[in-house]
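Topology and contacts: notes
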Amino acid sequence: MSHVATLESYIAKNILSEAAFAQYKLGDVAHRELQPYVTELRRVSEAYVTHETGTRLHSPIHSARAAQAYALYYTPINAAKLLHLSPLLQFERSEISMLDVGCGPGTAALAILSSLQQRVRITCVESSPHMSELALSLIEAWDINNNLLGVRMRNSVEPRLETYDLVVAANVLAELSHEQSVATLSALTQSVSRGGYLLLLEPGQQLHTRRLMEMRDRVVASRSDLAPIFPCTRSSECPMLSASATDWCHDTLEWQQPPLNAQLDHLLSFNKHRIKYAAFIFQQGGSVPSGVRILTPPCKTRLGTEALVCGDSFYGTARLRKGLRSERTRPFEKGKVFDRLLVSGSLQEEIAEDTAFAKVDRPRPI
Ligand SMILES: C[S@@+](CC[C@H](N)C(=O)[O-])C[C@H]1O[C@@H](n2cnc3c(N)ncnc32)[C@H](O)[C@@H]1O
C-alpha cells in the first residue's frame, strides 16, 4: 500500500462509523454514510473557492463534522503533496522535532509520521477548536510506524522560544491577510533549528502561488542563512515574478488517488485525478543547489524543443535546435517539471552545440 493509501485508511478508520469502515475495506462506502461529509465538503470548498486571495478567510470549519469531512477528503490530497516532497528532507538524527502550523486535522504531521524513518516530536498550531481537537485525536492514536514521540497543541507560533528541525506551513498562508502572512512568515523563519527545514506549501492556484513566490523573496531578502533548496536553484529574487504578471511556479502530480478520495470526488463532481501544488523549501545553513530547474514541460516547436528553465545565471525559455539533439541533451528534451539538471557549459536562449545536461533530482513520484 502506498503511504497515501495507508494514511487514507488510517483516517477513515478513525472517523467513519464501524459499518462504513467495514464497507470501505471492501469497496465503496454507502452514500448515506458519506452524505453528511459531502454536504460539509461542498460548503467548505465553496468558502475556499470564493475567498479573495490576500484577505483573512473566516474559517468554514464550524463543527466537528466539518473538520472530519476536511480530514477525509483534503488531508490525503495535501499529504500526497508533502509525501512527494519529503524525500528532499534529509535528517541525520534519529529523533526530530516538527512544527505543523495551521495543522488542520494534522495533515503535515501525519504525512511526516507516515514517511520518515525518524521518531518525531510534534507541535501543532491551530486556531480552529474543531480542527485542533481532531488533529490531537488523529495524531495521538498514530499506531503505524511506532515513531511518534509526542504531540502538543499551541495557540500560536512562539518565535525564538523554541526551534524545530522541520517547520511546515501547509495551505495556511492562503487563509491569512497580507499583514498576518508577513508576521507569521517572520515567526516561522525564526523557528527553524540549525540545519533544519522550512517547508511552505500552498494551494496549486495561480494567485496563491504568486503570493507564495513573493513570500519566498521575503525570506531570501531577510534571512541569508535560510537557503532556498527547492525548487529554486538561485538565491536572488524570483525572476518569474518580474518577468511575467501571470506565470506561477508550480507542478502537477499524477497520483494513485486512494479509493475514498475518488468516491468523494465522484459524489462532489470534483476532479482530483491530478493535483497541482506550489511549494518552497528552505534549509537553515544549507546551500542553494547548482544547475537549473525545468519549470514547464519541454515542448516541440517548429524551431526545436523549448522549455522554461530557472537557474543562477539564466532564467527564460531555452531552445534546443532540432539538429543538436543527442544523448547529451536528452535530459533536457525528456525533462519533467521540477527536474534539476546540471549543465556543462553556459546556458543561454539557444542551447549551444557543446552543452550537456545531467539530471540530478526531482521529488519522487508518489
Ligand atoms: C486549509 S487548512 C490546512 C490544513 C492542513 N495544514 C492541510 O494542509 O491540510 C488551514 C488551517 O489553518 C488554520 N489557521 C488559519 N489561520 C490560523 C492562524 N492564524 N493560526 C493557526 N491556525 C490557523 C485553519 O483553522 C485551518 O485549519
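Scoring rules and cut-offs
Residues numbered from 1 in each chain as written. Predicted model: local features only at pLDDT ≥ 70, side-chain atom pairs only at ≥ 80, totals over all residues. Helix = DSSP H or I, 4+ residues; strand = E, 2+ residues; numbered from the N terminus. Rg over C-alpha atoms; globule rule 2.2 N^0.38 Å. Buried ≥ 20, exposed ≤ 12 C-beta atoms within 10 Å, placed from the backbone. Domains from an automatic or database assignment. Contact = placed C-beta atoms within 7 Å. Nonpolar A, V, L, I, M, F, W, Y, C, P; charged D, E, K, R; others polar. Near = placed C-beta within 6 Å. Pairing = 2+ DSSP bridges. Axes fitted to C-alpha atoms, helices over the stretch in contact; angles between N-to-C directions. Parallel < 35°, antiparallel > 145°, perpendicular 65-115°, else oblique. Left-handed = near helix turned anticlockwise from the far one by under 90°.

Bringing the overall build of the chain into the picture now. Along the backbone of the chain there are eleven helices and 14 strands. Scaling as 2.2 N^0.38, a compact globule of 366 residues should have a C-alpha radius of gyration of about 21 Å, and the chain matches this with 21 Å. Oriented by its inertia axes, the alpha-carbon framework of the chain measures out at about 65 × 45 × 40 Å. Per-residue burial for the chain yields a buried fraction of 46% across its 366 residues.

Let us look at the domain arrangement of the chain. Split into domains, the chain comes out as domain 1 (3-284) and domain 2 (292-359). Averaged C-alpha coordinates put domain 1 and domain 2 at centres separated by 32 Å. With eight residues of domain 1 at the contact, the number on the domain 2 side is ten residues. If one sorts the elements of the side of domain 1 that touches domain 2 by residue count, helix H9 (residues 239-243) sits on top with three residues. For the side of domain 1 that touches domain 2, a count of residues per class yields five nonpolar, one polar and two charged.

As a structural note, the neighbourhood of the ligand is formed by 19 residues, with Gly-102, Gly-104, Thr-107, Ser-128 and Ala-170 the closest of them. With three residues, helix H4 (residues 64-85) is the single largest residue contributor to the shell around the ligand.

By the secondary structure assignment, Gly-196 is in strand E5 (residues 192-203). Discounting residues that sit within four places of it in the chain, Gly-196 has contacts with Thr-163, Tyr-164, Asp-165, Leu-166 and Gln-284.

Take unusual backbone geometry next. Here Phe-230 and Pro-231 are connected by a cis peptide whose omega angle stands at -10°. Along the chain, the position of Pro-231 falls in the loop between strand E6 (226-230) and H9. In this structure, Phe-338 is a non-glycine residue whose phi angle is positive, near 75°.

Regular strands place their side chains on alternate faces of the sheet. Most of strand E8 (residues 274-284) sits out of view: eight of its eleven residues are buried. Note: E5 against E8, seven bridges, orientation antiparallel. The residue of E8 that forms the bridge with Pro-203 is Tyr-277. In this structure, E6 lies alongside E8, joined through four bridges in antiparallel fashion. Looking at E8, one finds that Pro-228 is bridged to Phe-282. With four bridges connecting them, strand E7 (residues 251-254) and E8 associate as antiparallel partners. Note on E8: the bridge partner recorded for Asp-251 is Tyr-277.

Glancing now at the packing of helix H1 (residues 3-15) against helix H5 (residues 107-115). Orientation of H1 relative to H5, taken along the N-to-C sense of each, is 125°, at an axis distance of 10 Å. In terms of orientation, H1 lies oblique with respect to H5. The crossing of H1 and H5 is right-handed. Packed against H1, whose contacting residues are His-3, Thr-6 and Leu-7, the element H5 presents Leu-110, Ala-111, Ser-114 and Ser-115 at the interface. The residue inventory of the contact of H1 with H5, partitioned by class, reads three nonpolar, four polar and no charged.

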